[in-house]
Amino acid sequence: MNEMNGTDNKVPEVTITKVKEPGGCFSLMSPHPVTYNGIDFRTAEALFQWLRFSAHPDVQKVIHEQKSPMGAKMKARLNRALLNRGDKWDESQDDIPRM
C-alpha cells in the first residue's frame, strides 16, 4: 500500500542521472542558480558543498567562487580532511547538510 495516498498504486519515481536527460534540471550539477538565506549560488552543487563546510568560512568562500558545479565539488574534495570523515567522506550520513 502506498503510504502517501493510501492506495495500492505505485508513485512514479524519477531517477536523475545526467543533467542532459529528462529530470536533469533537478540535478545538483544542473547549471541553474539558487538562492539560500539571501546568498546567490551558481548551482545547487555549490550550495550543497558550501553547507557542508559551515565550520570553515574560508573553504566556503572558495566553493562559492567556483564557476561550475564540478569546480565546487572538486574544491570540497580538496578540503575533505577538514570534515574528519575518513576514506568514505562522501558517504557519511552525518555530513548531509540540513536546511
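Residues numbered from 1 in each chain as written. Predicted model: local features only at pLDDT ≥ 70, side-chain atom pairs only at ≥ 80, totals over all residues. Heavy atoms only, no water.

This next bit is on the overall build of the protein. Along the backbone of the protein there are three helices and two strands. Across the 99 residues that make up the protein, the buried fraction comes to 29%. For the protein, long-range pairs separated by at least 24 residues make up 28% of all intrachain contacts whose partners lie at least 6 apart in sequence. When the accessible area of the protein is evaluated, it comes to approximately 7400 Å², of which 53% is carbon and sulfur surface. (Helix = DSSP H or I, 4+ residues; strand = E, 2+ residues; numbered from the N terminus. Buried < 20%, exposed > 50% of the residue type's maximum accessible area, 1.4 Å probe, protein only. Contact = heavy atoms within 4.5 Å. Areas by Shrake-Rupley, 256 points an atom, 1.4 Å probe, with all protein chains shown as cover.)

To continue, consider helix H1 (residues 44-52). Given 3.6 residues per turn, any residue in an α-helix points the same way as the ones three and four places further on. For H1, the tally of buried residues reaches seven of nine residues, placing the bulk of the element in the interior. Burial in H1 covers these residues: Glu45, Ala46, Leu47, Gln49, Trp50, Leu51 and Arg52.

In the structure shown here, the tally under the stated rule is one salt bridge. Where lysine 61 meets glutamate 65, a salt bridge forms, and the shortest distance between an N and an O atom there is 2.5 Å. Here lysine 61 and its partner glutamate 65 are both found in helix H2 (residues 57-65), four residues apart, which amounts to about one turn of the helix. Residue classification places lysine 61 among the exposed positions, given a relative accessible area of 53%. (Salt bridge = Lys/Arg side-chain N within 4 Å of Asp/Glu carboxyl O.)

For the rest of this paragraph, the subject is the packing of H1 against helix H3 (residues 69-78). Packing of H1 against H3 brings their axes to within 8 Å, and their N-to-C directions diverge by 20°. Looking at the two axes, H1 sits roughly parallel to H3. Every pair of crossing elements has a handedness; the one defined by H1 and H3 is left-handed. Residue-level inspection shows Glu45, Ala46, Gln49 and Arg52 of H1 in contact with H3, the latter providing Pro69, Ala72, Lys73 and Ala76. Classifying every residue of the contact of H1 with H3 gives four nonpolar, one polar and three charged. (Axes fitted to C-alpha atoms, helices over the stretch in contact; angles between N-to-C directions. Parallel < 35°, antiparallel > 145°, perpendicular 65-115°, else oblique. Left-handed = near helix turned anticlockwise from the far one by under 90°. Nonpolar A, V, L, I, M, F, W, Y, C, P; charged D, E, K, R; others polar.)

Turning to the packing of aromatic side chains, a few remarks are in order. Overall, the coordinates contain one aromatic pair when judged by the stated rule. With a centroid separation of 5.2 Å and an interplanar angle of 65°, the aromatic rings of phenylalanine 41 and tryptophan 50 are classed as edge-to-face. Side by side, phenylalanine 41 and tryptophan 50 carry an identical accessibility label, which is buried. (Phe/Tyr/Trp six-rings, centres within 6.5 Å; stacked < 30°, edge-to-face > 60°.)

This paragraph deals with the confidence of the model for the protein. Confidence in the prediction of the protein, expressed as mean pLDDT, is 84, and 78% of residues score 70 or more. Across the protein, the element-wise mean pLDDT spans from 95 in H1 up to 98 in H2. (pLDDT = per-residue confidence, 0-100.)

Another point: the environment of proline 33. Note that proline 33 resides in the segment before strand S1 (34-36). Expressed as a C-alpha distance, the spacing of proline 33 and glutamate 45, which sit 12 residues apart in the sequence, is 9.9 Å. Once residues within four sequence positions are removed from consideration, proline 33 is found in contact with Phe41 and Arg42.

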